[in-house]
Amino acid sequence: PGVALDAPGPFFKEFVIRCPGRDPRQVLQRVLQQGYLGGLPLRGWARGLDDAILIAVTEKRTDAEIEGLANAYQTALASP
């Protein structure tokens, strides 16, 4: 809850999520406090990306690490 994929369909290693109504920099700070580099805020890169975050996940990450990142996002988005 609180995030959505920017574009439906398949992707390879990198994808963009949206955090409607949230400042992505604050979300990423909360994710970082949990020990994860959560991505790159795209605010300022192009119009319409103020709530967007670019995330990259490679084959070097384990399922547990990816699940941990997802949980960190869930925790970060649970607080106002």
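Presented here is an overview of the structure given in this document.

Reading guide: rules and limits
- Residues numbered from 1 in each chain as written.
- Predicted model: local features only at pLDDT ≥ 70, side-chain atom pairs only at ≥ 80, totals over all residues.
- Heavy atoms only, no water.
- Axes fitted to C-alpha atoms, helices over the stretch in contact; angles between N-to-C directions.
- Helix = DSSP H or I, 4+ residues; strand = E, 2+ residues; numbered from the N terminus.
- Parallel < 35°, antiparallel > 145°, perpendicular 65-115°, else oblique.
- Left-handed = near helix turned anticlockwise from the far one by under 90°.
- Contact = heavy atoms within 4.5 Å.
- Pairing = 2+ DSSP bridges.

## Quick word on the packing of helix H1 (residues 24–33) against helix H2 (residues 63–78)
Running from N to C, H1 and H2 point in directions that differ by 125°, and their axes come no closer than 9 Å. Classified by the angle their axes make, H1 and H2 are oblique. As for how H1 packs across H2, the hand of that crossing is right-handed. Residues Val27, Leu28, Arg30 and Val31 of H1 pack against Leu69, Ala72, Tyr73, Ala76 and Leu77 of H2.

## Quick word on the sheet that holds strand E2 (residues 14–18)
Read across the sheet, 4 strands follow the order E1-E2-E4-E3 without closing on themselves; strand pairing throughout is antiparallel. The open sheet has two edge strands with one neighbour each: strand E1 (4–5) and strand E3 (40–41). Across 2 bridges, E3 lies against strand E4 (residues 52–56) in antiparallel orientation. In the strand pairing of E4, Pro41 is matched with Ile53.

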